[in-house]
There are 2 protein chains.
Amino acid sequence: MSRPGREPTLRDVSLRAGVSRMTVTRVFIRPDQVLPETRARVQQAVAELGYVPDRAAGSLATRRSGFVGLVLPTLVNGNFAALAEGLTESLRPSGYDLLIGYTGYSMQEEERQVRTLLSRRPEAVVLAASAHRESVGRQLARSGIPVVEVADLPEQPLGHMIGFSNHAVGVRAAEFLIGLGHTRIAALGPARCADRRDLRGEARLAGFSHALARAGLPTGLVRGDGAIPLSFGEGARLMGRLLDEAPDLQAVFAVSDLAAVGALMECRRRGIDLPGQLSLLGFGNFEIGQQTVPSLSTIAVDFDALGRRAGRLIAALLRPRDAGPPSPSPSPSMAVDVGFTVIARQSTAGVAS
Amino acid sequence: MSRPGREPTLRDVSLRAGVSRMTVTRVFIRPDQVLPETRARVQQAVAELGYVPDRAAGSLATRRSGFVGLVLPTLVNGNFAALAEGLTESLRPSGYDLLIGYTGYSMQEEERQVRTLLSRRPEAVVLAASAHRESVGRQLARSGIPVVEVADLPEQPLGHMIGFSNHAVGVRAAEFLIGLGHTRIAALGPARCADRRDLRGEARLAGFSHALARAGLPTGLVRGDGAIPLSFGEGARLMGRLLDEAPDLQAVFAVSDLAAVGALMECRRRGIDLPGQLSLLGFGNFEIGQQTVPSLSTIAVDFDALGRRAGRLIAALLRPRDAGPPSPSPSPSMAVDVGFTVIARQSTAGVAS
DNA sequence: CATAGCGATGTGAACGGTCACATTGCAAGA
DNA sequence: TCTTGCAATGTGACCGTTCACATCGCTATG
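Residues numbered from 1 in each chain as written. Chains lettered and ligands numbered in written order. Predicted model: local features only at pLDDT ≥ 70, side-chain atom pairs only at ≥ 80, totals over all residues. Heavy atoms only, no water.

Residue and element names in this part refer to chain A. For the pair helix 6 (residues 107-118) and helix 7 (residues 134-143), the least separation of the axes is 9 Å and the interaxial angle reads 15°. As the angle between them shows, helix 6 and helix 7 are arranged roughly parallel. For the crossing formed where helix 6 meets helix 7, the hand is left-handed. Within the contact between the two elements, helix 6 uses Glu-110, Glu-111, Val-114, Arg-115 and Leu-118 and helix 7 uses Ser-135, Val-136, Gln-139, Leu-140 and Ser-143. Here the contact of helix 6 with helix 7 is built from residues that sort into four nonpolar, three polar and three charged. (Axes fitted to C-alpha atoms, helices over the stretch in contact; angles between N-to-C directions. Helix = DSSP H or I, 4+ residues; strand = E, 2+ residues; numbered from the N terminus. Parallel < 35°, antiparallel > 145°, perpendicular 65-115°, else oblique. Left-handed = near helix turned anticlockwise from the far one by under 90°. Contact = heavy atoms within 4.5 Å. Nonpolar A, V, L, I, M, F, W, Y, C, P; charged D, E, K, R; others polar.)

Next comes the structure, spelled out in structure tokens:
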């Protein structure tokens, strides 16, 4: 190394290669503008010194951080992780790095995350945490960067939306179970604490209740009291309570496959036959649901594709950064409904009549 | 806002508050050095302008990015996600942000990730991807920052290690199953492709074979041909193949709970009674294993704690940055063995004699 | 043969903070 | 009253890169 202790800089490389600093930069940014011989000399110096450009300095000069922020409730959820991976991959060709923050479903934490994030000057932000404090929207709006909300279609969007209606999912779930001939129908969903909330789960639950009521069926067995995040164990626990209270249950919708699989296992422990005695429907199409016995009927959304789509949108929004006018017309807010699919597997069946 | 289009800067705030830029900075860095009245005036200007400090600029000046890099195989694995969350949380008090990259188990991709990462000048790097190209070690060594490898105890460490011996896990798994009286014992593990490898899974498998051989038992049923990453479906598929070939099998070790649960479901589909006809042992203590019927015996490692521990180590290493000598003595490489625990649940049982 | 034109390279000034080192004002002690 | 000392604030340079623009040398063209 040239200077002890410090990492080599552009200057070190330029001195060694016998060119100016600008030429070295060009070798990285626009190699075609540099004569092949010069380029080779520079590249050798780079290799010898082990020089890696400092993007923080670059960001400062270009006013472009190369970051896209992603805020989600938790990483410990296959679908959110898949979303993150899809986003990363679709953003890679454009050279953006993902900066991930997770809120643990807490709105207060989300606020903190967004503030932290903004200090890194992301060029766009993707929000997958559905419950926002008002201040979050204010901060994001002020920063002037594109905001994309995913995995939902909120009533009061902060920016673009790529997702699906969780309320519609709930409605469809109810219609599906009703269509099978069930009438004593229950649902398992998240509790509403003051700060920790799973708004999407709540929306699915609300849609479910709504459709039940519309069909003239009782909604008393729709339970919004699951601990967040809904897990296998929580699903089993909730199912146990439900079975204790209403042994003559015919069908259950769990707002998450995780809870549904837990519920399925609880049924197995109690010797309840699925779908013979009870139909069970989940949401999320987690891989485990394909393998359980019986396999789990569910409602599927392609989260990886959701992430990819968000990434493509962002790449497109950010590309003509130079072309268009500064930002007088913040491109009209897009809303993309990617829909969802009911996947009927073995855990649901019609009522024998 | 003050200047149209641009985000407000320190200068905008200082002008509005009628102080110098340095005073504004101090309100953020060392508030106690600023007179309360002045501080209040500055804070009001900050609030009015919606000013958020630019950390890229700050990094440049302080030569500290505030980033810690984390490279892992995939996020779509509860244990790695838990590790990431544990790391994040233990680093938060010290003000570090996590920069996550994932390799999809590819060594080539890992190399790319590390290079990208280094351009953001992380102050430390945590590696959870066990298979490294040589160049990765070179790059990291040259950068001079602390490196922590987690979830393994490699023979040729790149820096510090916090983990457990995957080979020992395999040995212990075999001893456990042998101890139950089984002799026809199989194992399911990852295949070894050229680039995509799961070295930790391979190590568990190798340890398992080793212990089997040492006990004079045949190792022909130890299968290292699972698609990476090992999933529920892959576990089911592998188990099916195994049962077709060796119907008189007595015990199976799957190097991941995910594969083990898949295998468990496959057994159920085939009407094979666990643990009556077959003992099944997994690894990883994923939550689902507690809920399956029968519940899954497994080998547990606390990944969240692993992440926390790595975070604490890094925080400690980085703290006295100012105190100690520049870096003549790169603090001796630490190796922490966090061990593992066999959790015997219902899927394993002794042979009836 | 002069010169316009272009491609390759160099120059100095930002970018937005923070560092080390002044400078100022004021209270305590000789 | 005159230091001395400290707390609060200001000054200019610098962190490593890239921007806009200038310069250089060469070739093609009239």
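Next comes the rest of the write-up.
This next bit is on the protein's contact with DNA strand C. The local shell around DNA strand C holds 28 residues, among which Thr23(A), Thr38(A), Arg63(A), Met22(B) and Thr25(B) are the closest. Of all atoms in DNA strand C that approach within 4 Å of the protein, 61% are sugar or phosphate atoms. With respect to DNA strand C, the backbone of Leu10(B) contributes an N or O atom lying 2.8 Å from a phosphate oxygen. Sorting the residues of the surface near DNA strand C by element identifies helix 2 (21-29) and helix 4 (55-62) of chain A together with helix 2 (21-29) and helix 4 (55-62) of chain B as the ones contributing at least two each. A per-element tally of the surface near DNA strand C places helix 4 of chain B first, with five residues. (Near = heavy atom within 4 Å. Polar contact = N/O pair within 3.5 Å; in protein donor to acceptor, adjacent residues only side chain to side chain.)

If you look at the interface, chain B gives 59 residues, while chain A gives 59 residues. Its largest share of buried area at the contact with chain A, chain B owes to Arg120(B), Arg121(B) and Gln291(B), together 14% of the area lost on that side. Taken together, chain B and chain A are joined by eight salt bridges. Ionic pairing is found between Arg120(B) and Asp97(A), a salt bridge with its closest N-O pair at 3.1 Å. The tally of links between chain B and chain A comes to 28 residue pairs in polar contact (both at pLDDT 80 or more). For the side of chain B that touches chain A, the residue count by class is 26 nonpolar, 15 polar and 18 charged. (Buried area = accessible area lost by both parts, 1.4 Å probe. Salt bridge = Lys/Arg side-chain N within 4 Å of Asp/Glu carboxyl O.)

Residues and elements named next belong to chain A. Tracing the backbone shows Phe-176 in helix 8 (residues 166-179). Spatially, the C-alpha atoms of Phe-176 and Val-342 are 8.4 Å apart, while their sequence positions differ by 166 residues. Excluding its chain neighbours within four sequence positions, the residues that come into contact with Phe-176 are Leu-281, Val-342, Ala-344 and Thr-348.

Turning to the relation of the copies chain B and chain A, a few remarks are in order. Between chain B and chain A, which share one sequence, the superposing operator has a rotation angle of 180° and an axial displacement of 0.0 Å; the RMSD is 0.0 Å. These values place the two chain copies in the arrangement generated by a two-fold rotation axis. Of every C-alpha in chain B, the one belonging to Ala56(B) sits nearest the axis of rotation, 2.5 Å from it. (Least-squares fit on C-alpha atoms with pLDDT ≥ 70 in both.)

With that settled, the discussion passes to the protein's contact with DNA strand D. Looking at DNA strand D, there are 26 residues lining it, with Leu10(A), Tyr51(A), Thr23(B), Thr38(B) and Arg63(B) nearest. For DNA strand D, the fraction of protein-proximal atoms (within 4 Å) that sit in sugar or phosphate groups is 63%. Here a phosphate oxygen of DNA strand D and a backbone polar atom of Leu10(A) are 2.6 Å apart. Within the side chain of Thr38(B), an N or O atom sits 2.4 Å from a phosphate oxygen of DNA strand D. Elements supplying a minimum of two residues to the surface near DNA strand D: helix 2 and helix 4 of chain A together with helix 2 and helix 4 of chain B. Residue classes in the surface near DNA strand D are distributed as 13 nonpolar, eight polar and five charged.

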